[in-house]
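One-letter residues, chain by chain:
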Amino acid sequence: MVQAKANAAKADFTERFKSLRQQTMKLTEPLYTEDFMIQAHPDVSPAKWHLAHTTWFFEQFILKPYADDYEEFSKFSNGLYNSYYETQGKPFPKQYRGLISRPTTEDTMEYRRHVEAAMERFLQEGPWNEEIAELMETGLQHEQQHQELLVTDTKFNFSMNPLNPAYLENDSFAEQGGTPKLEWHAYEDELTTIGTDNLHFSFDNERPKHKFYLHAFSIASRPVTNEEYIRFIEDGGYEDPELWLSEGWGIVQEHDWKAPLYWQKQGGIWFYFTMNGLKEVRLHEPIAHISYYEADAYARWAGARLPTEQEWEYAFRSSEADGTFLESESYHPQPLQSTPGAYGDVWEWTRSPYSPYPGNRPPEGALGEYNAKFMSNQMVLRGGSCATPQSHIRSTYRNFFPPEKRWQFSGLRLAKDGVHK
């Protein structure tokens, strides 16, 4: 019976492993060899590095410790593709990843094939226990996180090219429909539970489930749209220091922000860079590529605020992710539909700093570095975006970024204190 369960688990992991690895490679199909090397900013990574790093993860944490017959593809892989796991050796500096011309792109592809073949053999013939199962699940979830980063990093890298190259060529990008009316969903004071104890899979930063007292609040039925954000811009939102947190106002002045990332005005019309090249801004889709500071300033201008992450989770605890996700292959937020209470298309900034839940304990060993070491100077986002795999997201998922970052598909949803209808 025990062996039968192990065989079933290994078969399921094998199928998911193959599927996710194929999905990652599908994301690279529109790229030319030269595209794999670009790193336009220290915050983003070259496509080639993402392919190698996700491969290194399975090699480093599963094959090398557990597969007796595994032969390393290269003795240099750990030194090149370790992201931030100090327990595994000295990571290569992130800002220089675009300088690694050798191993070549083809070498990287061969590295992937080598590790994939070894992983499939291991899942057929190797040992099995709960620790290996947890590492496998983490590896698959990690691969999905890098699928999202492949999209967002490629978009940023392409955006630096004055020719505005298109990753996709087959989208008409026409405006669709109108914007659903914004309604307020109200919630009374309540002692509730936040987080999860789901070990089938949840990241350690989502655990443990714990009690939390929510004061009465109201949250918007949909995210803020481009059309609404343009009103903020035209009303002088980027010129009014009273709307901004001090650090945010300093960044606005230093970098001369006038609009979201990728936006530019031509002949009185707003355009933005997309995975389809430069396009006219669609009014009825969620605003994206704004920082926490911009989201907070907009909310203040609108007479509202950002929700806390606990309010967000409580409001969507029974909702399904029903927006646009990676599987749509659009890689861009779509005009909002009338479905109330759905989330997706853009990550939504919350006003909550990224910190551990009461009773949280990071895992022992290297995977303890996965989340906990970043719980400083970051803000929480919820919901998932058009670049997030839908099977990867859930209402308890906690994404996090520094408040000034904008290259992710990050937007906002408004909230208010008290009950509003």
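In case you missed it, the structure is sitting above this.
Residues numbered from 1 in each chain as written. Predicted model: local features only at pLDDT ≥ 70, side-chain atom pairs only at ≥ 80, totals over all residues. Heavy atoms only, no water.

S.K.: Help me understand the overall build of the chain, please; the structure alone is not making it clear to me.
M.R.: A tally of regular secondary structure across the chain gives nine helices and twelve strands. Relative to its length of 421 residues, the chain is compact, with a C-alpha radius of gyration of 22 Å against a globular reference of 22 Å. Counting all 421 residues of the chain, 57% fall into the buried class. For the chain, long-range pairs separated by at least 24 residues make up 79% of all intrachain contacts whose partners lie at least 6 apart in sequence. Just so you have it, the chain exposes about 18,900 Å², and 49% of that area is on carbon and sulfur atoms. Positive and negative side-chain charges of the chain, numbering 41 and 62 respectively, have mean locations separated by a distance of 2 Å. (Helix = DSSP H or I, 4+ residues; strand = E, 2+ residues; numbered from the N terminus. Rg over C-alpha atoms; globule rule 2.2 N^0.38 Å. Buried < 20%, exposed > 50% of the residue type's maximum accessible area, 1.4 Å probe, protein only. Contact = heavy atoms within 4.5 Å. Areas by Shrake-Rupley, 256 points an atom, 1.4 Å probe, with all protein chains shown as cover. Lys, Arg positive; Asp, Glu negative; His and termini not counted. Charge placed at Lys NZ, Arg CZ, Asp CG, Glu CD.)

S.K.: Explanation requested: the sheet that holds strand S7 (residues 277-280) in the structure shown.
M.R.: Within a beta sheet, neighbouring strands are joined by backbone hydrogen bonds and run either parallel or antiparallel to one another. Strand order in the open sheet formed by three strands is S5-S6-S7, with antiparallel pairing between adjacent strands. The outermost strands of the open sheet, each flanked by one partner alone, are strand S5 (263-266) and S7. Averaged over all pairs of adjacent strands, the angle between their axes in this sheet comes to 35°, without regard to strand direction. Pairing analysis gives four bridges linking strand S6 (residues 269-274) to S7, with the strands arranged antiparallel. Along S7, the bridge assignment pairs phenylalanine 271 with glutamate 280. (Pairing = 2+ DSSP bridges. Axes fitted to C-alpha atoms, helices over the stretch in contact; angles between N-to-C directions.)

S.K.: Explain helix H7 (residues 246-255) here, please?
M.R.: Note on helix geometry: an α-helix contains 3.6 residues per turn, so any two residues three or four positions apart are oriented the same way. Those residues of H7 not exposed but buried are Gly248, Ile251 and Val252. Down the axis of H7, the buried side of the element spans an arc of 100°, and every buried residue falls inside it. Turned more than 90 degrees off the buried face of H7, the exposed positions are Ser246, Glu247 and Glu254. Buried residues along H7 sit against helix H8 (292-301). At the C-terminal side of H7, aspartate 256 shows a positive phi close to 55°. (Arc of directions from axis to C-beta.)

S.K.: Even after reading the chapter, I still don't get the packing of helix H6 (residues 226-234) against H8, so can you show me in this structure?
M.R.: Two quantities define a packed helix pair, namely the angle between the helix axes and the distance between the axes. Following both chains from N to C, one finds H6 and H8 inclined at 80°, their axes separated by 11 Å at the closest point. In this view, H6 runs roughly perpendicular relative to H8, as classed from their interaxial angle. Contacts from Glu228, Tyr229, Arg231 and Phe232 in H6 reach Glu294, Ala297, Tyr298 and Trp301 in H8. In terms of residue class, the contact of H6 with H8 is built from five nonpolar, no polar and three charged. (Parallel < 35°, antiparallel > 145°, perpendicular 65-115°, else oblique. Nonpolar A, V, L, I, M, F, W, Y, C, P; charged D, E, K, R; others polar.)

S.K.: I tried to follow unusual backbone geometry on my own but got confused; where do I start?
M.R.: Among all residues except glycine, the phi angle is most often negative; among peptide bonds, the trans geometry is most common. The omega torsion of the bond from arginine 102 to proline 103 falls at 10°, within 30 degrees of zero and hence cis. Structurally, proline 103 can be placed in the loop between helix H3 (77-81) and helix H4 (105-125). A cis amide bond, omega -5°, links arginine 207 with the succeeding residue proline 208. The topology assignment puts proline 208 in the loop between strand S2 (190-194) and strand S3 (210-214).

S.K.: Sorry if this is basic, but what is going on with the side chain of arginine 382 here?
M.R.: Among the secondary structure elements, arginine 382 is positioned in strand S9 (residues 379-382). Polar contacts involving the side chain of arginine 382 include one to the main-chain carbonyl oxygen of tyrosine 397, which spans 3.5 Å. The contacts of arginine 382, once residues within four sequence positions are left out, are Glu309, Trp312, Glu313, Val346, Trp347, Glu348, Thr350, Tyr357, Ser395, Thr396, Tyr397 and Arg398. (Polar contact = N/O pair within 3.5 Å; in protein donor to acceptor, adjacent residues only side chain to side chain.)

S.K.: Is there a simple way to think about the nonpolar core in this case?
M.R.: Across soluble globular proteins, you tend to see nonpolar side chains buried next to one another. By size, the foremost hydrophobic cluster in this structure holds 108 residues, and its most contacted members are Phe232, Trp263, Leu412 and Leu414. Ranked by the residues each element gives to this core, the list is headed by helix H2 (residues 47-66), at eleven residues. With near-sequence residues (within four places) excluded, leucine 414 lies in contact with Trp184, Ser218, Ile219, Ala220, Val224, Tyr298, Ala299, Ala302, Ala304 and Arg305. (Core = buried A, V, L, I, M, F, W, Y, C linked by side-chain atoms within 4.5 Å.)

S.K.: Please explain the environment of arginine 282 as it appears in this structure.
M.R.: With respect to the element layout, arginine 282 can be found in the loop between S7 and H8. The exposure class assigned to arginine 282 is buried, which follows from its relative accessible area of 3%. In terms of polar contacts, arginine 282 uses its side chain to reach the backbone carbonyl oxygen of proline 333, at 3.1 Å.

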